Amino acid sequence: DPNSDAVGEHGGIHCLPQLCLQDVSGSELQAYFDNSWMLTEVLFSALQGDEAFMRPPYHSLRHPLIFYYGHPATFYTNKLRVAGLIDAGINAHFEEIFEVGVDEMRWDDISTLQKDWPCVSEVHEYRQQVYQLVSKVIADAFGGDGNKRISISENDPLWALMMGFEHEKIHLETSSVLFRELPAHLLRKPEYFVPMFHDNQSSRVDKDPVSGRDFPENEMLPVSGATAYIGKERDFPSFGWDNEYGRRSVNVPNFKASKYMVSNGEFYEFVASGGYRDEQYWTKDGWGWRVFRNQKWPFFWEQRGPAGSHEYGLRTIFEVIDMPWSWPVNVNYHEATAFTNWKHAQKSEGECVAPLRLVTEAEHQLLREAKHRNPLSSWKTDPTLNCGGKSFSKEEGANLNLVYGSETPVDYHPANENGFHDVLGNAWEWAEDDFNYLDGFKVHPYYDDFSSPCFDGEHTMILGGSFISCGDAGANLYCRYHFRPHFLQHSGFRYVEPSVPEKNIKGENIATHLGAKANLHDKSSSASLGQGTYETDVLVNQYLALHYGQTSENADDTVRSHAGRPDHALDFPKRSAEILFEAVSKAGSKIGPDSRALDIGCAVGGATFALAEQFGQVLGLEYSKAFVDQANRIRETDEEYVKFQVPVQGDVMRDNIFGRVPTKEVRSRTSFVVGDACNLPSVETLGGRFDGVLMANLLCRLHQPLDCLNGLSRIVNSNGVVMLLSPYSWLKEFTPKENWLQSDSQDSADVLRSVMEKQGFEQILSKDVPLIIREHERKYQYIVSHATGFAKRD
């Protein structure tokens, strides 16, 4: 419809404003759905022939595009079923193979997920059926009256519809990046896709751009320190993903930030000076990625001359154009941090108080105009809820909601009241923060693994949205998104100069903390997993002593030898593993080369290695990144012993305590990951189900222990065993009282048995298991855990 609010004068389709859900009509809901749906159809109409749909991406880290054509439709069907809005799906096979995407662990984690995908016409037919189904759900919800108005909250089944709309917009953007990675001959620009930004391309040069002529000269602008607030109130009348809700306040010191995002022209200086060849500017993981990919310049730059001539064009979504040096550069996190390290090295000695780095989420709030900072005073102050892409550039001065089909020059839109350009839109900004949850976070029952599997210290936040970000898929002022640091997106960066020295975190050469995604201010500024209660050197050493310091070889070094010492309580991790072996044998499950075990709450890995004595593969999953890092160091070491220290009295420590490292063969059967026991990953992510699961002294330290227990059945094989050890020492500092597994009439053991039986488990073992934890030379914790073994019975 050329008269639609979504259709521009060029005939291209823009994104509509995001819905305000405090008062919405059936016709508005249908129009928003139509807009989301049509944008996907228009984008995918660019693919020419079956090869474009079926060809895996060059990096093999994602499915081919046929998956992303079917996935949004399957999401509607599955979530509407979960919400009870429909009774059955349309095509069970499609709703299985198109359900789950890929979240690779590393840049070299080449996907082996080869599938027999259906043909394009079959998926197109399925999408048409889903479109009719969703339209019927909308009509039924309003009794067929498109003018009827209602409000929708997160507790409403129609929230699943909102999830579907915004989820489709997420994949509009991520799919467009995959299009940008495809060979251009497999694409043609769709007739109804909004046009790219056009300036005087005839004046562009392929090489040697000049600052002030081909791109604006960047400068640092001061920002006054203040308290930044992050998070969305639950009664705010727009859809939000689970990670947006909650609250955090951060005291941000004064800092300076670059006026513009880094342009292609500014980044060219780094490329031409050899920045991609100089390891000193890169973090260890970043350099590993660069070498693995043999990357010599940003991926979307297209070489136009001989090697070394530094002549480039730019690949956009559908075609290659002359290089627009004034547009923001598109790079991943590794490239962005390498540039900031290089840029800092160009400064005169003493010119900067601290190394340049990327912006933090809290600092980004302060770059915004005051009316756009969290918390918003009203939904009317969020541009995305009030303005669609058709008029966004003119009315809001930003490249969001599909104003254009490309980036714009970094100085094209006016500066905000603080002097900064493109704080919102144009290209995402990589941040220093790991993806994290806010105080008050809780998963939504319709989509319980949207965010929490990525609170793992492996996903980096991106801020502000890009030109193709729409609605709550990046344009909304409360959006909080992330990608793995090697991931390609329509993402760039700006750099920050702190006003005070910052604690150096691990890194190499100039990259002292950049790229380590550190907690840069106070504890609340980056609530990543692995920055909580157990994140101290003292506790790492305490757990090393427990896991590797109570053997017959070295127990006297960690538990003072004396008459009556309870030696039966030594070496708790090894005895826990032996109890699981006993129960697995009793249950009729398997042990041996083709068996698998999971150690939940593995700490520094002692029990994980003990389990690998008999299981073929053992995965240790732990909430604390510091513990996982230590376990991986032991797994990969060439040393015969692990070294740690123990407290003697007061601040006096005894150094150089040695614990024997397990054999290389045993260690080769193990792996360790950061994860949340209360939201266990999918079976696919875990690599399959398990024959044995150990959870030692973790249950009463979980925020939501019932969520953990309810997730066990799906990851355990038939006859597999779950071994739970716990002293049931419930404390409010770890577990809200309403979540304690006890009642007036039942103790924790009874409640635990009842919960597990409801999940299809049979209790087969119960015994007391003591342990000793050293506090200092003459003080120890003596704990008697209750071991309960449960076999899964189908």
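Residues numbered from 1 in each chain as written. Predicted model: local features only at pLDDT ≥ 70, side-chain atom pairs only at ≥ 80, totals over all residues. Heavy atoms only, no water.

Some words on the overall build of the protein
Within the protein, the secondary structure is distributed over 20 helices and 24 strands. Its C-alpha atoms give the protein a radius of gyration of 28 Å, near enough to 28 Å, the size a compact globule of 794 residues would have. Along the first, second and third principal axes, the C-alpha atoms of the protein reach 90 × 70 × 50 Å. Here the protein holds 794 residues, and 60% of them are scored as buried. Across the protein, the fraction of contacts at a sequence separation of at least 24, relative to all contacts at a separation of at least 6, is 76%. Surface exposure of the protein reaches about 31500 Å², of which carbon and sulfur atoms provide 46%. (Helix = DSSP H or I, 4+ residues; strand = E, 2+ residues; numbered from the N terminus. Rg over C-alpha atoms; globule rule 2.2 N^0.38 Å. Buried < 20%, exposed > 50% of the residue type's maximum accessible area, 1.4 Å probe, protein only. Contact = heavy atoms within 4.5 Å. Areas by Shrake-Rupley, 256 points an atom, 1.4 Å probe, with all protein chains shown as cover.)

A few points about the nonpolar core
Leu-29, Leu-161, Phe-179, Phe-267 and Trp-301 are the most contacted members of the largest nonpolar core, which totals 129 residues. Sort the elements by how many residues they give to this core and helix 6 (residues 159–181) lands first, with 11 residues. Setting aside chain neighbours within four positions, we find Leu-29 in contact with Leu-19, Val-24, Ile-138, Phe-142, Ile-152, Leu-161, Met-162 and Phe-165. (Core = buried A, V, L, I, M, F, W, Y, C linked by side-chain atoms within 4.5 Å.)

Quick look at a negative patch on the surface
The grouping of Glu-96, Glu-99, Asp-448, Asp-449 and Asp-707 at the surface amounts to a negative patch. Locating Asp-448 in the fold gives a position in the loop between strand 11 (428–434) and strand 12 (460–463). (Patch = residues over 30% accessible without salt bridge, like charges linked within 9 Å, V, L, I, M, F, W, Y side chains within 5 Å. Salt bridge = Lys/Arg side-chain N within 4 Å of Asp/Glu carboxyl O. Lys, Arg positive; Asp, Glu negative; His and termini not counted. Charge placed at Lys NZ, Arg CZ, Asp CG, Glu CD.)

Let's talk about helix 12 (residues 537–548)
In this model helix 12 runs 16 Å from its N-terminal to its C-terminal C-alpha over 12 residues, within 8% of the 16 Å that 1.5 Å per residue would give. A large share of helix 12 lies buried, amounting to nine of its 12 residues. Within helix 12, burial applies to Leu-539, Val-540, Asn-541, Tyr-543, Leu-544, Ala-545, Leu-546, His-547 and Tyr-548. (Expected span 1.5 Å × (residues − 1).)

Observations regarding the packing of aromatic side chains
A full pass over the atoms with the stated rule returns 62 aromatic pairs. Look at Phe-197 and Tyr-412: their rings are 4.6 Å apart centre to centre, the planes differ by 65°, and that puts the pair in the edge-to-face class. Residue Phe-197 is found in the loop between helix 6 and strand 3 (220–223), and its partner Tyr-412 is found in the loop between helix 11 (389–396) and strand 11; the two are separated by 215 residues along the sequence. Sitting over the face of the ring of Phe-300, Arg-180 holds its NZ or CZ atom 4.3 Å from the ring centroid. Taking the ring centre of Trp-287 as reference, the NZ or CZ of Arg-290 above it sits at 4.5 Å. (Phe/Tyr/Trp six-rings, centres within 6.5 Å; stacked < 30°, edge-to-face > 60°. Lys NZ or Arg CZ within 6 Å of the ring centre and 35° of its normal.)

Some details on unusual backbone geometry
What you tend to see is this: most non-glycine residues have negative phi, and most peptide bonds are trans. Residue Pro-375 is bonded to the preceding Asn-374 through a cis peptide linkage, with omega at -10°. In this structure, Pro-375 sits in the loop between helix 10 (361–367) and helix 11. Even without a glycine there, the phi angle at Ala-603 is positive, about 55°. Along the polypeptide, Ala-603 turns up in the loop between strand 16 (592–600) and helix 15 (606–611). Positive phi is not limited to glycine here, since Asn-656 has a value of about 60°. Assignment of secondary structure puts Asn-656 in strand 19 (residues 652–660). Accessibility expressed as a relative area gives 46% for Asn-656, which makes it partly exposed.

Some remarks on the sheet that holds strand 16
Across the sheet, which stays open at both edges, the seven strands sit in the order 20-17-16-21-22-24-23 with mixed pairing between neighbours. Looking at the sheet topology across the chains shown, the edges are occupied by strand 20 (670–674) and strand 23 (761–776). Averaged over all adjacent pairs, the angle separating strand axes in this sheet is 20°, with direction ignored. When strand 16 meets strand 21 (residues 690–696), the two strands line up parallel, connected through four bridges. By the bridge assignment for strand 21, Leu-598 is matched with Val-693. Contacts from helix 20 (residues 748–758) reach strand 22 (716–726), strand 23 and strand 24 (779–792) within the one sheet, and its direction differs from that of strand 24 by about 30°. (Pairing = 2+ DSSP bridges. Axes fitted to C-alpha atoms, helices over the stretch in contact; angles between N-to-C directions.)

Points about the sheet that holds strand 10 (residues 357–358)
Read across the open sheet, the four strands follow the order 3-6-15-10; overall the sheet is antiparallel. A strand with exactly one partner marks an edge of an open sheet, and here the two such strands are strand 3 and strand 10. Taken together, the three bridges between strand 6 (residues 255–258) and strand 15 (residues 495–498) define a ladder with antiparallel strand orientation. Note on strand 15: the bridge partner recorded for Lys-256 is Glu-497.

Describing the packing of helix 1 (residues 26–44) against helix 6
For the pair helix 1 and helix 6, interaxial distance at closest approach is 10 Å and the crossing angle is 20°. Comparing the axis directions of helix 1 and helix 6 gives the class roughly parallel. Crossing geometry of helix 1 relative to helix 6 is assigned as left-handed. Where helix 1 approaches helix 6, its residues Leu-29, Tyr-32, Phe-33, Ser-36, Trp-37, Leu-39, Thr-40, Leu-43 and Phe-44 are matched on the opposing element by Leu-161, Met-162, Phe-165, Glu-166, Glu-168, Lys-169, Leu-172, Ser-175, Ser-176 and Phe-179. In terms of residue class, the contact of helix 1 with helix 6 is made up of 12 nonpolar, four polar and three charged. (Parallel < 35°, antiparallel > 145°, perpendicular 65-115°, else oblique. Left-handed = near helix turned anticlockwise from the far one by under 90°. Nonpolar A, V, L, I, M, F, W, Y, C, P; charged D, E, K, R; others polar.)

So, the environment of Ala-398
Tracing the sequence through the fold places Ala-398 in the loop between helix 11 and strand 11. Put simply, Ala-398 and Pro-662 are 264 residues apart on the chain and 57 Å apart in space, counted from C-alpha to C-alpha. For Ala-398, the contacting residues outside a window of four places in its chain are Phe-392, Ser-393, Val-403, His-413 and Leu-424.

Points about the pattern of salt bridges
When the charged atoms of two side chains with opposite charge come close together, those side chains can pair. Inspection of every chain in the model, using the stated rule, returns 31 salt bridges. For Lys-343, the salt bridge goes to Glu-266, with nearest N and O atoms at 3.2 Å. Of the two residues, Lys-343 sits in helix 9 (residues 333–345) while Glu-266 sits in helix 7 (residues 264–272), which places them 77 residues apart along the sequence. In this pair, the class of Lys-343 matches that of Glu-266, namely buried. Residue Glu-429 is joined to Arg-494 by a salt bridge in which the shortest nitrogen-to-oxygen separation is 3.1 Å. With Glu-429 in strand 11 and Arg-494 in the loop between strand 14 (491–492) and strand 15, the pair connects residues that are 65 residues apart, well separated along the chain. Linked by salt bridges that have partners in common, Arg-560, Arg-654, Arg-774 and Glu-777 make up one network.

A closer look at the pairing of strand 23
As judged from the 14 bridges shared by strand 23 and strand 24, these two strands associate in the antiparallel manner. By the bridge assignment for strand 24, Leu-771 is matched with Ile-783. Where strand 23 hands over to strand 24, the hairpin turn is made up of two residues, counted between the paired strands.

Focus: the environment of Ser-45
Relative to the helices and strands, Ser-45 is located in the loop between helix 1 and helix 2 (50–54). If sequence neighbours within four positions are ignored, Ser-45 has contacts with Arg-188 and Pro-190.

Some remarks on the confidence of the model for the protein
Reading fine detail from the predicted coordinates is not recommended where pLDDT is low. Residues with a pLDDT of 70 or more make up 92% of the protein, whose mean pLDDT is 89. When mean pLDDT is compared element by element in the protein, strand 14 scores highest at 98, while helix 18 (residues 683–686) scores lowest at 83. Contacts for the low-pLDDT stretch residues 503–535, under 50 throughout, to residues beyond four places or in other chains number 106 contacts. (pLDDT = per-residue confidence, 0-100.)

Structural notes on the state of the cysteines
Under the definition given, this model contains zero disulfides. No disulfide involves Cys-15; its sulfur sits 3.5 Å from the nearest other cysteine sulfur, which is in Cys-470. Sulfur of Cys-454: no disulfide; nearest cysteine sulfur belongs to Cys-479 and is 16 Å away. When its relative accessible area of 10% is taken as the criterion, Cys-454 is described as buried. (Disulfide = S-S within 2.5 Å.)

Focus on the packing of helix 12 against helix 16 (residues 625–636)
Running from N to C, helix 12 and helix 16 cross one another at 45°; their axes reach a closest spacing of 11 Å. What the angle tells us is that helix 12 and helix 16 run oblique. Crossing of helix 12 against helix 16: the hand is right-handed. Only Ala-626, Phe-627, Gln-630 and Ile-634 of helix 16 make contact with helix 12, whose side of the interface consists of Leu-539, Val-540, Tyr-543, Leu-544 and Tyr-548. For the contact of helix 12 with helix 16, the residue count by class is eight nonpolar, one polar and no charged.

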